[in-house]
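Observations on chain architecture
Given next are the chains, with one letter for each unit.
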Amino acid sequence: MMQKVQNNKAWFLVLPVLLLVAFSAVIPLMTVVNYAFNDTFGNNQFFWAGLEWFDEMIHSERLHGALGRQVLFSAIVLAIEVPLGIFVALNMPKKGFWASLVLVVMALPLLIPFNVVGTIWQIFGRQDIGLLGHTLASLGIDYNYTNDPIDAWITVVAMDVWHWTSLVALLCYAGLQSIPQAYYQAAKIDQASRWAVFRYIELPKMKGVLLIAVLLRFMDSFMIYTEPFVVTGGGPGNSTTFLSIDLVKMAVGQFDLGPAAAFSLMYFLVILLVSWVFYTVMTNFDKTEAGQ
Amino acid sequence: MARITLQDLAHSYSPHPRSEEDYALKKLDLVWQDGGAYALLGASGCGKTTLLNIISGLVRPSQGRILFGDRDVTDAPTAERNIAQVFQFPVVYDTMTVRENLAFPLRNRGRDAAYIAERVARIARMIGMEEMLSRKAQGLTADAKQKISLGRGMVREDVNAILFDEPLTVIDPHMKWELRSQLKQLHRQFSHTMIYVTHDQTEALTFADKVVVMHDGRVVQIGTPEELFERPAHSFVGYFIGSPGMNFLDAKIIGQRALLPGGEVVELGADYGVLAGGSRIGIRPEHVHLAAEGGLPIAIRRVEDVGRHRILRSELAGRDFNIVLPEGVPLPAAAPRVAFVPGKISVYVDDWRIAPPLSERAA
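Residues numbered from 1 in each chain as written. Chains lettered and ligands numbered in written order. Predicted model: local features only at pLDDT ≥ 70, side-chain atom pairs only at ≥ 80, totals over all residues.

1. A short note on the overall build of chain A
When you go through chain A residue by residue, the secondary structure sums to 12 helices and two strands. A compact globule built from 292 residues would reach a C-alpha radius of gyration of about 19 Å, whereas chain A, at 24 Å, exceeds it by more than 25%. Counting only C-alpha atoms, chain A reaches 80 × 75 × 35 Å along its principal axes. Looking at chain A as a whole, 28% of its 292 residues qualify as buried. Within chain A, residue pairs in contact and separated by at least 24 positions form 70% of the contacts whose partners lie at least 6 positions apart. (Helix = DSSP H or I, 4+ residues; strand = E, 2+ residues; numbered from the N terminus. Rg over C-alpha atoms; globule rule 2.2 N^0.38 Å. Buried ≥ 20, exposed ≤ 12 C-beta atoms within 10 Å, placed from the backbone. Contact = placed C-beta atoms within 7 Å.)

Below you can see the structure in the form of structure tokens.
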């Protein structure tokens, strides 16, 4: 074995990155931690509160409601966007002019700023001037997202599906494009059905990108703020108040910095935990499959 | 099983082919006898794979017909033709076990479980993968995967033909020999029609009873390995078969003699009359020997020792000229000369071989 050379000066090379991370992540996070464990009445005066805020938040009915709505929202959105994205990807043209055109059109929703997406749907759904709202009203369907919680949910979910299905579809499309033609030819020779081709060729080859797609969509939908805030403002009542919306109300609206900070930390940890569990399970699944 | 007939077949990938250049496969008529072991040999891009895909039904020919036995299958889909095909890169269904992989074609055809189990066991024994049946196909070596591909093809009893599209490309050299001899053995045992596409002449010549040589979208010769070696019908066959390939010299053919550009004369041993067009003579490096006197002068540039013989790289009448020197024959000293084995010279006009007149070939 070669003698390893120790050069402690090399640590200085890491310094710029450390500084950057400190200012961009660690210090802001620590400020939040500071607020979470203290009570403050302004004037930069802090009083130690211990786990009081955490205790309050864990037992808060309001937070439970927001968390429930958040989980439901993420579940619905994933349940629609992932199968729909796969379906779209399977039906996209594989090459030629149409393939390029479809790719560009599909990418468009991803390029629109979040609050613009919200505004588009806010107007789109209005009964007086919105294309969707007005059309539904003239068909005699009672649709009003500002009054009816169900309508509000439908609008918010439809908006998210419109905004993000492209991402799933584009990722799956990339996965599909990497499958060599010989697989499809072999399947033809083996007389495989369309379903068998999907189940045994396309799905296994898409697994990697699907994992990324599901992870991204979970994290994003779990943190969603801007679009529903612009469309419904969390209403009617609290029916579309998701975790982020509730958090902002608490922190900026009511200026309850302590509880909001505790809330933030738990929120952050939940996302981290779920993503980690999800990722580990999926990669382990992959490994055992390869190993056996 | 059936005889496979290709009638007036041609294929172009462009929808409106204008000239012959647009055809990936130029017009051909070909019959593959039932139970034959064929090799389809040619350089990359000469149309071999196109021809194979036409037989298996993955590509529909732009013109002509394909018959299996007496049945026209030109428009029949792949599944109906009962063809097995093994591709260049192994295709296995990763998420299935080896057993499921082998059973897949039968299951898709709705056969009952007992029959499937019996066939899979038999095929697994044949390809030597009995111990691996319960393993996932993912993570197996390339040659194991290629064996599975082959097994999937053979699991059906009624396959009309098994097509191989350069199946050993990704296999380690030492495994190549083993797999090839296994294939050969399977052929003897089950006498399926086998068509083996390759650009490797050793592979083609060792595997096949009959070799079909393709060049530039055209079938230039069909013959036994011996015929290809002794009487290449086209200059491409001369180049392509043999290592090194055939030597070609520009020559004017007058009766029994070939006149080289430098004025040297080569006796042909047969009367060809007077030939028009760009005529050349071809001689295998194995059919040239050094001559003490007479013969033609050569300039030796390089000697390559390849073990069981040496190859003399030299120049004759301004052309590259290779000679195979058997072991034990000393290298020539100054001013080397060569002579050709009589009767082994082929005459070509515009790349096609002119058969010597029959009466004199016996002489």
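2. Side note on the pairing of strand β11 (residues 247-250) of chain B
Side chains on a regular strand alternate between the two faces of the sheet. Residues and elements named next belong to chain B. Every second residue of β11 is oriented toward a common face, the buried set being Asn-247 and Leu-249 and the non-buried set Phe-248 and Asp-250. As paired strands, β11 and strand β15 (residues 279-283) are joined by four bridges and run antiparallel to one another. The residue of β15 that forms the bridge with Asn-247 is Ile-283. (Pairing = 2+ DSSP bridges.)

3. Some remarks on the packing of helix α3 (residues 98-108) of chain B against helix α4 (residues 113-126) of chain B
All names here are of chain B. Between α3 and α4, the least distance of the axes is 10 Å, while the angle of their chain directions is 130°. Here α3 is positioned oblique relative to α4, judged by the angle of their axes. Considering the relative orientation of α3 and α4, their crossing is right-handed. On the side of α3, the interface is formed by Arg-99, Leu-102, Ala-103, Leu-106 and Arg-107, while α4 contributes Ile-116, Arg-119, Val-120, Ile-123 and Ala-124. By residue class, the composition of the contact of α3 with α4 is seven nonpolar, no polar and three charged. (Axes fitted to C-alpha atoms, helices over the stretch in contact; angles between N-to-C directions. Parallel < 35°, antiparallel > 145°, perpendicular 65-115°, else oblique. Left-handed = near helix turned anticlockwise from the far one by under 90°. Nonpolar A, V, L, I, M, F, W, Y, C, P; charged D, E, K, R; others polar.)

4. Structural notes on the interface of chain A and chain B
Across the boundary between the two partners, chain A contributes 18 residues, which contact 23 residues of chain B. Sorting the residues of the side of chain A that touches chain B by element identifies α8 (181-189), α9 (194-222) and α12 (257-291) of chain A as the ones contributing at least two each. Element by element, the count of residues in the side of chain A that touches chain B is highest for α8(A), at six residues. Taken together, the residues of the side of chain A that touches chain B sort by class into 11 nonpolar, four polar and three charged.

5. As for the environment of B:Glu157
With respect to the secondary-structure elements, B:Glu157 resides in the loop between α5 (142-154) and β7 (161-165). A C-alpha to C-alpha distance of 9.5 Å links B:Glu157 and B:Asn82, two positions 75 residues apart in sequence.

6. Re the sheet that holds strand β20 (residues 319-326) of chain B
Residue and element names in this part refer to chain B. What the three strands build is an open sheet, ordered β18-β19-β20; its pairing is antiparallel. The sheet is open, and its two edges are formed by β18 (299-305) and β20, each paired on a single side. For this sheet, the mean angle separating the axes of adjacent strands, direction not counted, is 25°.

7. Here we look at helix α3 (residues 61-91) of chain A
Because each turn of an α-helix spans 3.6 residues, side chains separated by three or four positions end up pointing in the same direction. Between its first and last C-alpha, α3(A) extends 45 Å over 31 residues, near the 45 Å set by a 1.5 Å rise per residue. A:Leu63, A:Ala66, A:Arg69, A:Gln70, A:Phe73, A:Ser74, A:Val77, A:Glu81, A:Gly85, A:Ile86 and A:Ala89 are the residues of α3(A) that are buried. (Expected span 1.5 Å × (residues − 1).)

8. Overview of the nonpolar core
Residue and element names in this part refer to chain B. One finds Tyr-38, Ala-39, Leu-40, Ile-195 and Tyr-196 to be the most contacted residues of the largest nonpolar core, which totals 76 residues. Excluding residues within four positions of it along the chain, Tyr-38 makes contact with Trp-32, Met-194, Ile-195, Tyr-196, Ala-208, Lys-210 and Val-212. Judged by nonpolar contacts, the second largest core, of 25 residues, contains Leu-249, Ala-270, Tyr-272 and Leu-325. (Core = buried A, V, L, I, M, F, W, Y, C linked by C-beta atoms within 7 Å.)

9. Let's talk about the domain arrangement of chain B
Residues and elements named next belong to chain B. As assigned here, chain B comprises domain 1 (4-235) and domain 2 (243-361). Summarising the inter-unit geometry, the C-alpha centres of domain 1 and domain 2 are found 38 Å apart. Of the residues in the side of domain 1 that touches domain 2, the class split is two nonpolar, two polar and one charged. (Domains from an automatic or database assignment.)

10. Regarding the sheet that holds strand β22 (residues 346-349) of chain B
Strand-to-strand pairing in sheets goes through backbone hydrogen bonds, with the strands running parallel or antiparallel. Residue and element names in this part refer to chain B. Reading across the sheet, the four strands line up as β11-β15-β22-β23 and stay open at both edges, with antiparallel pairing between neighbours. Bordering the open sheet on either side are β11 and β23 (352-354), each of which pairs with just one other strand. For this sheet, the mean inter-axis angle between neighbouring strands, taken without regard to orientation, is 40°.

11. Some points on the domain arrangement of chain A
All names here are of chain A. What the domain assignment lists for chain A is domain 1 (1-50) and domain 2 (61-291). In this structure, domain 1 and domain 2 have C-alpha centres spaced 33 Å apart. If you look at the interface, domain 1 gives eight residues, while domain 2 gives six residues. With four residues, the top contributor of residues to the side of domain 1 that touches domain 2 is helix α1 (residues 11-37). Residue composition of the side of domain 1 that touches domain 2, by class: five nonpolar, two polar and one charged.

12. Describing the packing of α3(B) against α5(B)
All names here are of chain B. Between α3 and α5, the least distance of the axes is 7 Å, while the angle of their chain directions is 35°. In this structure, α3 crosses over α5, and the sense of that crossing is right-handed. Contacts between α3 and α5 involve Val-98, Asn-101, Leu-102, Phe-104 and Pro-105 from the first element and Ile-148, Gly-151 and Arg-152 from the second. Split into classes, the residues belonging to the contact of α3 with α5 amount to five nonpolar, two polar and one charged.

13. Considering the pairing of β22(B)
All names here are of chain B. In this sheet, β22 lies alongside β15 in antiparallel orientation, the contact comprising four bridges. In the strand pairing of β22, Gly-282 is matched with Ser-346. Across three bridges, β22 lies against β23 in antiparallel orientation. Following the sheet pairing, Val-347 is matched in β23 by Ile-354. Hairpin connection, β22 to β23: the antiparallel pair is bridged by two residues, and Asp-350 has positive phi, about 50°.

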